[in-house]
Amino acid sequence: MEGFFKKGLFFKRSGSNAARDGQNPAKRPFSKTFDIFQKTLNLNNQALEAIAMLGDVLSGDYIFDQHFIEVKSRELAETVYQLIASLNTLSPKFQGLYEVFQRINDEIEQELSGRLVIPKSDYVMPYSAASRDFQDVVGAKNANLAEVANALGLKTPPGFVATTRAFGAFMDHNDLWEKTEALTGAWKAGEISLEEASEKIQSMILDAEVPKEVRKEIQQAVGKLEREQGFKNLYFAVRSSAGGEDGEHSFAGLHLSVLNTPPEELLDAYKRVIASLYSGAVMEYRKDKGFLESEAVMAVGCLVMVDAQASGVVYTMDPMNPDSGKMVISSARGLGASVVSGDVSGDRHLVSRTGPFTIETVQTETQKKLLSPKPNGGVDFTPVEEALQGKQALSREQLQTLAEAALQIERHFKRPLDIEYAFDKEGEMYILQARPLRLQTECILLARDLPALLSDYKIIFKDQGTVAQRGVGAGKVFLATQRDEDLDDFPSGAILVARHTSPRFAKIIRKASAILTDVGSPTGHLATIAREFRVPAIVGSQVATSLLKHGQEITVDAEGNIIYDGIVKELETYNLCEEHIEESHEYRLLRRILKKVAPLNLVDPHSRSFSPQGARTFHDITRFVHEKAVEELINLQNVHRHDPDTVSGKLKIPVPLDLVLIDIGHGLAKRENKRVITIDDIQSLPMKSFLDGLIKPGAWSTAPANVDFSSFMSSLTRTFASGLSSPDMVGQNLAVISDNYANISLRLGYHFNMIDSYIGDNQNSNYAYFRFMGGVTDTTRRSRRARFLAELLSIGDFRVEIRGDLVVARLKKLPSAVMQGKLYFLGVLVAYARQLDVQMTSDSHVSMYVDMFRNLMQSNAA
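The rules we used
Residues numbered from 1 in each chain as written. Predicted model: local features only at pLDDT ≥ 70, side-chain atom pairs only at ≥ 80, totals over all residues. Heavy atoms only, no water. Helix = DSSP H or I, 4+ residues; strand = E, 2+ residues; numbered from the N terminus. Polar contact = N/O pair within 3.5 Å; in protein donor to acceptor, adjacent residues only side chain to side chain. Salt bridge = Lys/Arg side-chain N within 4 Å of Asp/Glu carboxyl O. Phe/Tyr/Trp six-rings, centres within 6.5 Å; stacked < 30°, edge-to-face > 60°. Buried < 20%, exposed > 50% of the residue type's maximum accessible area, 1.4 Å probe, protein only. Expected span 1.5 Å × (residues − 1). Axes fitted to C-alpha atoms, helices over the stretch in contact; angles between N-to-C directions. Parallel < 35°, antiparallel > 145°, perpendicular 65-115°, else oblique. Left-handed = near helix turned anticlockwise from the far one by under 90°. Contact = heavy atoms within 4.5 Å. Core = buried A, V, L, I, M, F, W, Y, C linked by side-chain atoms within 4.5 Å. Pairing = 2+ DSSP bridges.

A. Region of interest: the side chain of Ser86. Here Ser86 shows up in helix 3 (residues 66-90). Separated by 2.6 Å, the side chains of Ser86 and Thr40 make a polar contact.

Structural data, given as structure tokens:
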């Protein structure tokens with residue numbers, strides 16, 4: 001298989017054996033179909049585990065090389081390809097997945113070959129297409145800013161980047177590589193002074209020509225921005241983003257920024273910023289920090305100018321006192337360049353790092369001048385209105401908004417940050433820059449004292465569950481319910497605590513400081529998303545929702561798998577101070593590949609975008625395949641023929657249910673009497689659990705239900721929905737089972753009930769599907785029973801849909817023992833609800849019977 005996935009050697013498998021096998025699935029014995037289904041589940045699990053492993057490697061605890069990335073990426077691609085083939089063998093109508101797979105795989109192969117995948121242009125990239133994984137293309141400063149906008153959704157100025165490739169083209173076009181190398185070599189050899197070398201190189205750059213292709217793409221980018229912004233003559237902040245800048249080395253204030261640049265002067269500004277790469281200060285800094293001159297590359301950001309009412313800098317931790325739990329915000333009227341350059345002192349505030357962000361102002365500047373854009377380009381100082389002098393530049397609300405955003409950025413980058421910001425004349429906040437804030441000395445002291453400091457904090461629980469994403473998060477507990485709309489109130493910085501992992505939590509992942517669940521797998525969808533967004537997560541704790549209270553302040557140590565009561569500031573600080581080894585080529589390469597592998601875009605199976613064409617990553621493909629494989633099995637079961645030699649017979653149980661069982665593989669123990677099956681003969685995990693619930697004492701009422709005249713007439717005039725079952729099966733109770741599977745079709749009175757479930761050792765494969773519709777009574781009473789079912793199923797952790805008297809509920813990816821409990825619950829529910837539509841004569845009966853059912857479940861027969 002080596003080389004099979006290399007570009008040009010990969011072909012669509014139309015006409016393959018797999019596809020041919022899937023052309024007539026209805027004619028295939030169900031036992032064969034079930035074998036394919038199980039294979040699909042196994043491949044799905046392998047793919048999820050491979051994605052999880054790649055994400056875990058990025059935690060910072062591993063050292064790996066490019067060969068490792070190549071091998072693991074191609075193994076994953078092969079698994080995903082086989083997964084698609086298996087689904088299409090089950091049902092051949094998902095051929096479109098092959099095309100999606102090939103596109104994603106081609107992009108991964110381009111990354112592995114050393115060619116960065118740049119979505120639109122080699123010379124210009126819009127910020128909307130950039131991320132931290134494109135540092136080699138747009139520079140760390142631009143990459144960080146793009147990450148703030150695209151990953152966190154915070155507002156940044158629109159714009160584009162002239163990439164490092166544009167810089168290379170500029171140097172090639174003007175034969176500058178050898179000339180600069182000769183001059184810098186002469187300087188380092190002591191043959192000429194630093195000033196002479198710098199002046200000659202900068203003069204060559206300023207006199208050089210921007211290549212036609214670069215010039216053209218910059219002009220096109222300006223035109224596109226003008227159309228998007230709705231007016232011409234935009235003015236730009238032209239800013240440096242050199243190799244190494246705002247990464248492990250700040251180069252703070254060394255490179256040039258040209259503010260308020262009109263479009264016609266953009267190319268000149270571009271050259272001035274490039275020339276600053278060879279200022280004397282930068283050359284000396286590069287030499288001191290051990291950079292090679294060959295590493296001197298420059299991407300240039302061109303951002304639409306923000307006409308700032310106020311601006312400044314945030315330090316997310318106080319550099320003088322990192323353990324104080326406060327951040328420092330500096331602000332001044334006008335453009336922030338005056339603050340960072342020191343021309344204006346500005347106001348200074350200490351703000352609490354926890355909500356509601358208490359403000360302590362330590363300095364208010366009497367600001368008499370402000371830096372502002374000039375009408376035709378450039379900037380200048382102008383007087384501050386006398387009435388505003390001595391008044392703070394930012395309101396309390398603006399300071400709190402800024403503090404919340406700064407901590408959101410800090411959580412994402414996992415380190416203290418130095419953030420530049422601005423508020424425009426309409427009060428809109430813009431983030432202009434985010435770079436590391438160094439506190440190394442204090443961190444070394446903290447690491448030494450950490451064990452003693454932590455002993456003072458109360459531990460709520462420890463070593464419960466599995467760490468899915470390492471890190472530390474602190475904040476208030478947000479206990480999630482089953483209602484999606486409740487997530488709209490999720491506060492920024494809170495700890496998400498939930499019973500189960502679920503992809504629906506993806507909508508609040510950017511706001512969460514950490515995630516805790518009672519149930520879940522480190523290879524589940526939510527764990528993958530947590531790794532993608534680097535949110536500390538512990539899944540499967542079993543106790544989180546029972547021990548933690550909504551609004552309680554806690555600290556999640558997902559490094560040591562410990563939950564502390566209260567905010568452990570020392571742990572937060574230490575975590576932010578950790579040494580970062582994630583800026584190597586291998587880390588960046590793996591992050592770029594994971595962008596094509598791990599994000600989950602197909603969240604809602606009922607969305608129109610839940611299709612092969614909507615899949616953008618391997619994770620999307622696995623999600624789609626799993627959902628459709630289960631759906632196909634449920635649908636195909638009713639139209640399949642069964643092997644004539646499969647074991648079948650009537651079930652003998654202590655309730656009046658005429659049920660025929662068909663065993664397609666190890667669902668029954670070996671018996672001498674093959675015509676009568678007892679519960680003791682059943683080895684199928686889901687079937688056995690369901691039947692145990694069905695015969696629970698008190699669940700199956702034997703009293704006759706009194707059907708009134710209107711209900712009787714309603715039943716006579718209503719037809720049974722043919723879509724609910726195969727015509728052959730109407731009126732017959734049937735269960736198809738294996739050791740891990742059960743599909744149960746029940747026709748009890750005038751309602752139809754179907755349960756489909758798989759329970760095995762790998763919880764990622766496990767699921768239960770419940771569908772219920774119909775009844776003997778009128779629409780109102782049937783709807784009451786549907787509400788009764790929906791409420792109890794929601795309490796039982798199912799995801800429930802209800803339309804009239806139709807109830808559909810799903811649940812999946814729970815451990816085997818938990819799933820068996822859920823099937824037991826369904827058995828009791830089916831028995832109990834059998835005649836409730838007749839008995840529910842008023843709306844108040846819904847809650848009454850819910851309480852009665854819960855009492856029954858708590859009775860000693862459980």
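B. Local environment of the pattern of salt bridges. Under the criterion given, the structure shown has 22 salt bridges. Salt-bridge contacts for Lys72 lead to Glu75; the nearest nitrogen and oxygen are separated by 3.5 Å. Of this pair, Lys72 and Glu75 are both found in helix 3, three residues apart, which corresponds to roughly one turn of the helix. Residues participating in the shared-partner salt-bridge network are Arg499, Asp518, Asp797 and Lys822.

C. Quick look at the packing of aromatic side chains. Tallying each qualifying case throughout the model produces 22 aromatic pairs. Here Phe37 and Tyr758 contribute two aromatic rings whose centre-to-centre distance is 6.2 Å and whose plane-to-plane angle is 70°, an arrangement assigned as edge-to-face. With Phe37 in helix 2 (residues 30-57) and Tyr758 in strand 27 (residues 751-758), this residue pair connects regions lying 721 residues apart in the sequence. The pair formed by Phe37 and Tyr758 is uniform in burial state, with each residue classed as buried.

D. Summary view of helix 3. Helix length check: helix 3 (25 residues) gives 36 Å between terminal C-alpha atoms against 36 Å at 1.5 Å per residue, within 8%. Regarding helix 3, its N-cap is Asp65, as a side-chain oxygen of that residue lies 3.3 Å from the backbone nitrogen of His67 further along.

E. Looking closely at the packing of helix 22 (residues 779-795) against helix 23 (residues 816-832). Axis separation between helix 22 and helix 23 bottoms out at 12 Å; the angle between their running directions is 165°. Taken together, the axes of helix 22 and helix 23 lie roughly antiparallel to each other. Note that helix 22 runs across helix 23; the crossing there is right-handed. Contact residues: Phe788, Leu789, Leu792 and Leu793 in helix 22; Phe825, Leu826, Leu829 and Tyr832 in helix 23.

F. Seen up close, the environment of Ile218. Along the polypeptide, Ile218 turns up in helix 9 (residues 212-229). Its relative accessible area of 4% is what places Ile218 among the buried residues. It is 8.1 Å that separates the C-alpha atoms of Ile218 and Tyr123, two residues lying 95 residues apart in sequence. Among residues more than four places away in sequence, those in contact with Ile218 are Val124, Phe160, Ala162, Leu266 and Leu267.

G. Structural context of the nonpolar core. Counting 56 residues, the largest nonpolar core has Phe37, Leu76, Phe618 and Ile621 as its most contacted members. The set of elements that each furnish at least two residues to this core consists of helix 2, helix 3, helix 4 (96-112), helix 18 (585-595), helix 19 (618-637), strand 23 (659-665) and strand 25 (733-738). With eleven residues, the top contributor of residues to this core is helix 2. Residues contacting Leu76, with those up to four places away along its chain left out, are Ala47, Ala50, Ile51, Leu54, Val597 and Phe618.

H. View of helix 13 (residues 396-413). Over its 18 residues, helix 13 extends 26 Å from the first C-alpha to the last, a length consistent with the 26 Å expected when each residue adds 1.5 Å. Turning to helix 13, its buried residues are Gln398, Leu399, Leu402, Ala403, Ala405, Ala406, Leu407, Gln408, Ile409, Glu410, His412 and Phe413. Where helix 13 ends, the next residue or the one after it, Lys414, has phi of about 55°, a positive value.

I. Up close: the sheet that holds strand 18 (residues 514-519). Pairing within the open sheet is mixed, and its eight strands lie in the order 14-21-20-16-17-18-19-15. Either end of the sheet is taken by a strand with one partner, and the two such strands are strand 14 (459-462) and strand 15 (466-469). When strand polarity is set aside, the average angle formed by the axes of neighbouring strands in this sheet is 30°. Where strand 17 (residues 495-500) and strand 18 come together, five bridges link them in parallel fashion. Residue pairing in the sheet places Val497 in a bridge with Leu516 of strand 18.

J. Highlighting unusual backbone geometry. Despite not being glycine, Asp175 shows a phi value in the positive range, around 50°. Following the sequence through the fold, Asp175 ends up in the loop between helix 6 (164-173) and helix 7 (176-188). One non-glycine residue, Lys813, lies in positive phi territory at about 60°. Residue position: Lys813 is located in the loop between strand 30 (806-812) and helix 23.

K. View of the sheet that holds strand 13 (residues 429-436). What the six strands build is an open sheet, ordered 9-8-7-6-12-13; its pairing is antiparallel. Each edge of the open sheet is held by one strand with a lone partner, namely strand 9 (359-363) and strand 13. Taken pair by pair, the neighbouring strands of this sheet meet at an average axis angle of 20°, ignoring direction. The sheet contact formed by strand 12 (residues 417-424) and strand 13 spans seven bridges and is antiparallel. Paired with Glu420 across the strands is Gln433, a residue of strand 13. Across the sheet, helix 13 is in contact with strand 6 (308-315), strand 7 (326-333), strand 8 (347-352), strand 9, strand 12 and strand 13; its angle to strand 12 comes to roughly 140°.

None of the figures reported here should be taken as evidence of function without further support.
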